[in-house]
Structures are given as C-alpha cells and as structure tokens.
Amino acid sequence: MGPSPLGRRPRLLSLRTTFAVSFAAVTAVVTVLVGVLSYNAAARLVRVDQESVFAQAVQDLRAEVRERRMSPGDFSSSAPGHEIVRPARTDVQVLGPDGEVSDSAVPRLPVTDADRRTAHAAAAGRTVEHEDVGVGDDVYRVATVSLGGGRGAVQVAQEFSDTEDLLRALQRRTLLLMAAVVTAAGLFGWWLARRMTRRLVLLTSAAEDVARTRRLGVEVPVTGPDEVGRLGRAIDLMLVRLAQSEEDQRRLVQDAGHELRTPLTSLRTNISLLRRMDELPPGAREELVADLGQEARELTDLVNELVELAAGQSAGEPPQRVDLARIARDVASLARRRTGREIGVSVRGETVTEGRPAMLTRALSNLVENAAKFDPGGTGPIEVAVAGPALEGPVRVEVRDRGPGIAEADLTRVFDRFFRTAGARSRPGSGLGLSIVREVALAHGGATFAFRRDGGGSVVGFTVGGWPAGGRVGDGD
C-alpha cells in the first residue's frame, strides 16, 4: 500500500492528538504517583498513630498496676473515678481471679486460656497481646495485663477495623479523584492542543495547497509574536520570494528569447550568403566575415550575461570584507588599458564593507564600460567616486561621465533587463549590463540610482550595506 495522500493521514498521527494524549499520559502518571504516595503516607501515619496510642495505653496501664495494688473492682465501670484509670480511646474488660469476666466490655471480648493464666499471675504488669481478634464484624487488638497476686487482669482492646474502613474510603475517594483529574487533564490537553495547533493546521493546509496546486500566491493566515507566527511570516516571505523568482525566470526566458531572435536571424542571413561567397566581390566578402565575427561575439556576450544573470551572479562566492576603493582602482586601471580613456578615482570616508568581490567588480566594471561605450569620443575623464559613512552605513559608488546623458523618461528604466535607450540601440550590447548591477546591489542590501549630471552627462551607481569601520583590505594603489 502506498503512502497516504497529503491531508489524509490518520488522526492518531496528528500533532494535536499526540500532544493531547501525551499531556493526559504525563498527567495520569503524575496523578497516580502523587495519589499512591499520598495514600500510602496517610495510611501509614494513621496506622502508626493508632498503634502508638494503643501501645501507650498498655504501657500506662502496666505502670499503674505495678505502682498501686489494684483489684478488679478498681476498674469496674460502676466504680467512682473509673474514667481516670481507664486508658483513653480504648475498650476495657475486667477479669476476676478465676479468669471469668467480672465487668464486660461492649462488645464482650473473648477470653483465652492465656488470658486466664495471666489473671492468675502473681506478678503485676504481666502482659499478653492478641492481634486481629474478631468480635462480630469488627477486628480488635487486645492486650491482657495482670493485676498481680492472682487478683485478676484487665483487658485493653482497640478496634482497628474502623480505621481500615476509613482508609478504604480514603482509597476509593483517592481513586475517584485521580480518575477525575486524569479525565480533566485529557480534556484540557485536547483543548490546549487544539488551541496551540490551530495555526499550525492552517499553516499545514496552506503548504499542502501550494504543493498540490503549485500556486505560490497562497496567503499564509498565521500571525502572532511567537514561534508559530514567526514561522508563518517566514513561509509567507519565502512564498513571496519564490513567486518573484519564478516570475523573474519566466520574464528572463521571454526576454532572452526575444533578444536572441535578432542575432540569430542575422546569423542565418549571413550564413545563407556564405553559399554565394564566390559571387561576392572581395569587399563584400570581408564585410560579411566581419559581420559574422561581430554577431558571434555579441551572441557570445549575450549568452554569457544570460547565464550569469540566471545563476545569480556567482551567488556561491562567500561574503568577506572588501574594500570598494581598491576594487574601484583595479577596475579603473583595467579600463584605462582597454579604452585608452582617462579614468579618475576619488575616495571619501570608510569604504570597507561586507560583500562578494567578484560580483562587486563585475558591477563596477559594467558601469565604467557603459560610460566609455556611450561617450567614445569624449575628452573629459570618466570619474569613479567611492564614498563611505563616518561610522556605519552604506557605501556609495558613482560613475560620472560627460556623454550624451540619459533621457529623463528613461532614468527609471535603465536598470530593467534588456532595456536600451533610443540612442543605444544602434550600439553593440545586450541591455543586461545595468540589470546585473541592480542584481548585485540588491544582493548586497543596497540599491541603484541614475540621474542627469549638471553640465551634461550622467551619474549612475549603486550602494552597498555598511560594515563596521576598523581597517581596509589592502592599501590600494
């Protein structure tokens, strides 16, 4: 049999049932232990108290008959002051010299041969004890104490059956109380588990709905300041980011397909002309070969940038402390050799931050290359400015040029994928360079910006989240 489908698992395996049963089981174990220990302690105290009372009564009686010469009449129920000589909380029966009952207890206690011999004993205080003596439906403990000189004996009895009846009643009540506590604990545990897992059930339903329908736009109905609320918010944010990632991938595929059509169409056209290569004049042949090389390079650059963008711009590179001023100087030095343009670097404040060096180098290189590409005949220098805060905060990187500038209407779109201004469509490029800059900035907790420069040209750049001041990586050029 295959696994149960989502949402169809047995109820006994649910977290709610497990929690309720566990809560009731723990409560039951604790209640039974407390009940049993409490009952045993109470029963022991009661029995020990009864035994100590009886033993003390017998001891007092023995001491009394040894100290005073007493006769059976002294213990008669009709004798004056007999309540003083009778032990407390006991029944007393008096035996005569012949061992016969001269003053019966209520109920009458049995007299054995050992009791009769004790009544004939010459020594006062001689004692014989009997345990578990049945008198009717009751159970007694009996001690017979001789008066000495063969004058008789006194039997002291204490009923234990009423104590046991009391303990049995206490036991029944304890069991009923334990059963009530366990039942109440089970009901309370079920209510508490239902209350605690209600939001988890909603969260599970939302996750199962996403798994079943593959729709990432499901609203997660879980709030609160506790761990469940945090989990709900985390899942909601995760779904939002997954939906955004899915949308970005879909848009990337659509845009890439659109952008790839033009170079591929041009390549197919030029390839078809290669079949007529012998019919073309030498100048046309050289132009055709040059076009094929240029289109192949542009297509290679476009594919590389698409792969880099889809892969998250080297997201596997570990973050580390980097000095943006040093990166700017390295990028400017490389761009000088490639373009022959004058590129200046200015640094202000603390420029050490946390980031991925390769990604930041790529972003800054894209900005400098764009500035050089769109102002090929410019005589003014390209300026790279890196400014950091005094203590903590974002580091700002700007690339300033004196080119034709960006139209006011295009400033908000220049970082979109494949977007190219009207003046840039005739120039080589994929329209992905500034989009990669934006992805790098967002990956570093920053943002991009672009505005027109006073006196002509543009200022394009990005910010990166700050890193505590305290030194730079390297000392630059």
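Keep in mind that this is a model prediction, so the values were computed, not measured.

S.K.: Quick question: what am I supposed to make of the overall build of the protein chain here?
M.R.: Along its length, the protein chain carries nine helices and 12 strands. Across the 477 residues that make up the protein chain, the buried fraction comes to 38%. Accessible area for the protein chain stands at about 27500 Å²; split by element, carbon and sulfur atoms hold 56% of it.

S.K.: Please explain the packing of aromatic side chains as it appears in this structure.
M.R.: Each aromatic ring pair is described using two quantities: the centre-to-centre distance and the angle formed by the ring planes. Under the criterion given, the structure shown has two aromatic pairs. Note on Phe-449 and Phe-451: the rings are 6.3 Å apart at their centroids and 20 degrees apart in plane angle, and the pair reads as stacked. The exposure class of Phe-449 is buried, given its relative accessible area of 14%. For Phe-451, a relative accessible area of 34% gives the class partly exposed. The aromatic ring of Phe-449 is capped on one face by Arg-396, whose charged end is 3.8 Å from the ring centroid.

S.K.: Sorry if this is basic, but what is going on with helix α7 (residues 324-339) here?
M.R.: Working note: α-helix, 3.6 residues per turn, so residues spaced by three or four point in the same direction. End to end, α7 covers 22 Å across 16 residues, agreeing with the expected 22 Å (1.5 Å per residue, within 8%). Along α7, the residues that are buried comprise Leu-324, Ala-325, Ile-327, Ala-328, Val-331, Ala-332 and Ala-335. Buried residues of α7 fall within an arc of 150 degrees about the axis and therefore sit on the same side. Just past α7, the residue Gly-340 takes up positive phi, approximately 75 degrees.

S.K.: How do you make sense of the packing of helix α8 (residues 357-373) against helix α9 (residues 433-443) when you look at a structure like this?
M.R.: Any two packed helices are characterised by how steeply their axes cross, that is the angle between the axes, and by the distance between the axes. Interaxial distance between α8 and α9 falls to 9 Å at its minimum, and their mutual angle equals 145 degrees. The crossing of α8 and α9 is left-handed. The segment α8 lies against α9, with Met-359, Leu-360, Arg-362, Ala-363, Asn-366, Leu-367 and Asn-370 engaging Gly-433, Leu-434, Ile-436, Val-437, Val-440 and Ala-443. Looking at the contact of α8 with α9 residue by residue, the class counts come to nine nonpolar, three polar and one charged.

S.K.: What exactly am I supposed to notice about the nonpolar core here?
M.R.: Soluble globular proteins: nonpolar side chains tend toward being buried together. By size, the foremost hydrophobic cluster in this structure holds 35 residues, and its most contacted members are Leu-324, Leu-360, Leu-364, Val-384, Val-399 and Phe-462. When neighbours within four sequence positions are excluded, Leu-324 is seen to be in contact with Thr-351, Thr-353, Leu-360, Val-386, Val-395, Val-397 and Val-464. Phe-54, Met-70, Val-94 and Val-156 belong to the second largest nonpolar core, which has 13 residues in total.

S.K.: Just checking my understanding: could you explain the pattern of salt bridges for this structure?
M.R.: Counting across every chain of the model gives seven salt bridges. Residue Arg-141 pairs with Glu-131 through a salt bridge whose shortest N-O separation is 3.8 Å. Of this pair, Arg-141 sits in strand β4 (residues 138-146) while Glu-131 sits in strand β3 (residues 127-135); the two residues are 10 residues apart in sequence, bridging distant segments of the chain. What you see here is one network of salt bridges that share partners, running through Glu-383, Arg-396, Glu-398, Arg-400 and Arg-453.

S.K.: How should I be thinking about the sheet that holds strand β2 (residues 101-103) in this particular structure?
M.R.: Overall, antiparallel pairing links the five strands, which are arranged β2-β1-β5-β4-β3 in an open sheet. Every other strand in the sheet has two partners, leaving β2 and β3 as the edge strands with one partner each. Neighbour-to-neighbour, the strand axes of the sheet open up by a mean angle of 30 degrees, direction not taken into account. The sheet contact formed by strand β1 (residues 91-95) and strand β5 (residues 153-159) spans five bridges and is antiparallel. In the sheet register, Asp-91 faces β5, and the bridge partner there is Ala-157.

S.K.: Help me understand the packing of α7 against α8, please; the structure alone is not making it clear to me.
M.R.: Viewed as axis vectors pointing N to C, α7 and α8 meet at an angle of 45 degrees, and their least axial separation amounts to 9 Å. By the angle class used here, α7 and α8 are oblique. Considering the relative orientation of α7 and α8, their crossing is right-handed. Contacts from Leu-324, Ile-327, Ala-328, Val-331, Ala-335, Arg-338 and Thr-339 in α7 reach Pro-357, Leu-360, Thr-361, Leu-364, Ser-365, Val-368, Glu-369 and Ala-372 in α8. Here the contact of α7 with α8 is built from residues that sort into 10 nonpolar, three polar and two charged.

S.K.: I tried to follow the sheet that holds strand β12 (residues 458-464) on my own but got confused; where do I start?
M.R.: Strands belonging to one sheet form pairs held by backbone hydrogen bonds; the direction of such a pair is parallel or antiparallel. Spatially, the five strands line up as an open sheet ordered β7-β9-β10-β12-β11, and their pairing is mixed. Every interior strand has two partners, whereas the edge strands, β7 (343-348) and β11 (448-452), have only one. Taken pair by pair, the neighbouring strands of this sheet meet at an average axis angle of 15 degrees, ignoring direction. Sheet topology places β11 next to β12; five bridges connect them, and they run antiparallel. Residue Phe-451 lies in a different strand from β12, and its bridge partner there is Val-459. Along the sheet face, α9 touches β11 and β12 and points at about 30 degrees away from the line of β12.

S.K.: I'm lost on the UniProt feature "transmembrane region" (unreviewed entry) in the protein chain in this one. Help?
M.R.: Those residues carrying the UniProt feature "transmembrane region" (unreviewed entry) are residues 20-42 and 175-193 in this numbering. Taken end to end, residues 20-42 has its terminal C-alpha atoms 32 Å apart, with 100% of it in helix and 0% in strand. Annotated as residues 175-193, this span is 100% helix and 0% strand, and its ends, taken at the C-alpha atoms, are 26 Å apart.

S.K.: Help me understand the confidence of the model for the protein chain in this model?
M.R.: Atom-level detail of predicted coordinates should not be read off regions where pLDDT is low. Looking at the protein chain, the pLDDT average stands at 76 and 81% of residues meet or exceed 70. Overall, residues 424-429 carries pLDDT values under 50, and its contacts beyond four positions in sequence, including any with other chains, amount to 12 contacts. Scored below 50 in pLDDT, residues 467-477 shows 32 contacts in the model against residues more than four places distant or in partner chains.

S.K.: Just checking my understanding: could you explain α8 for this structure?
M.R.: Taking 1.5 Å of rise per residue, 17 residues should cover 24 Å, and α8 covers 24 Å from first to last C-alpha, within 8% of that figure. When you tally the buried positions in α8, you get 12 out of 17 residues, the bulk of the element. Looking at α8, one finds that the buried residues are Pro-357, Met-359, Leu-360, Ala-363, Leu-364, Ser-365, Asn-366, Leu-367, Val-368, Asn-370, Ala-371 and Ala-372.

S.K.: Looking at this structure, I do not really get the side chain of Thr-144. What am I missing?
M.R.: Tracing the backbone shows Thr-144 in strand β4. Of the polar contacts made by the side chain of Thr-144, one reaches the side chain of Gln-155; its length is 3.3 Å. With residues near it in sequence (within four places) discarded, Thr-144 still touches Leu-95, Asp-115, Thr-118, Arg-126, Thr-127, Val-128, Ala-153, Val-154 and Gln-155.

S.K.: Mind showing me how you'd approach the side chain of Asp-401 here?
M.R.: Position of Asp-401 relative to the elements: it lies in the loop between β10 (395-400) and α9. Although Asp-401 is buried, it forms no salt bridge, and the closest oppositely charged side chain is Arg-453 at an N-O distance of 6.2 Å. Within the structure, the side chain of Asp-401 is placed 2.9 Å from the backbone nitrogen of Gly-403, a separation counted as a polar contact. Discounting residues that sit within four places of it in the chain, Asp-401 has contacts with Ala-371, Arg-453, Gly-456, Gly-457 and Ser-458.

Rules and cut-offs
- Residues numbered from 1 in each chain as written.
- Predicted model: local features only at pLDDT ≥ 70, side-chain atom pairs only at ≥ 80, totals over all residues.
- Heavy atoms only, no water.
- Helix = DSSP H or I, 4+ residues; strand = E, 2+ residues; numbered from the N terminus.
- Buried < 20%, exposed > 50% of the residue type's maximum accessible area, 1.4 Å probe, protein only.
- Areas by Shrake-Rupley, 256 points an atom, 1.4 Å probe, with all protein chains shown as cover.
- Phe/Tyr/Trp six-rings, centres within 6.5 Å; stacked < 30°, edge-to-face > 60°.
- Lys NZ or Arg CZ within 6 Å of the ring centre and 35° of its normal.
- Expected span 1.5 Å × (residues − 1).
- Arc of directions from axis to C-beta.
- Axes fitted to C-alpha atoms, helices over the stretch in contact; angles between N-to-C directions.
- Left-handed = near helix turned anticlockwise from the far one by under 90°.
- Contact = heavy atoms within 4.5 Å.
- Nonpolar A, V, L, I, M, F, W, Y, C, P; charged D, E, K, R; others polar.
- Core = buried A, V, L, I, M, F, W, Y, C linked by side-chain atoms within 4.5 Å.
- Salt bridge = Lys/Arg side-chain N within 4 Å of Asp/Glu carboxyl O.
- Pairing = 2+ DSSP bridges.
- Parallel < 35°, antiparallel > 145°, perpendicular 65-115°, else oblique.
- UniProt positions renumbered as here; feature names shortened; annotations may be inferred.
- pLDDT = per-residue confidence, 0-100.
- Polar contact = N/O pair within 3.5 Å; in protein donor to acceptor, adjacent residues only side chain to side chain.
- Lys, Arg positive; Asp, Glu negative; His and termini not counted.

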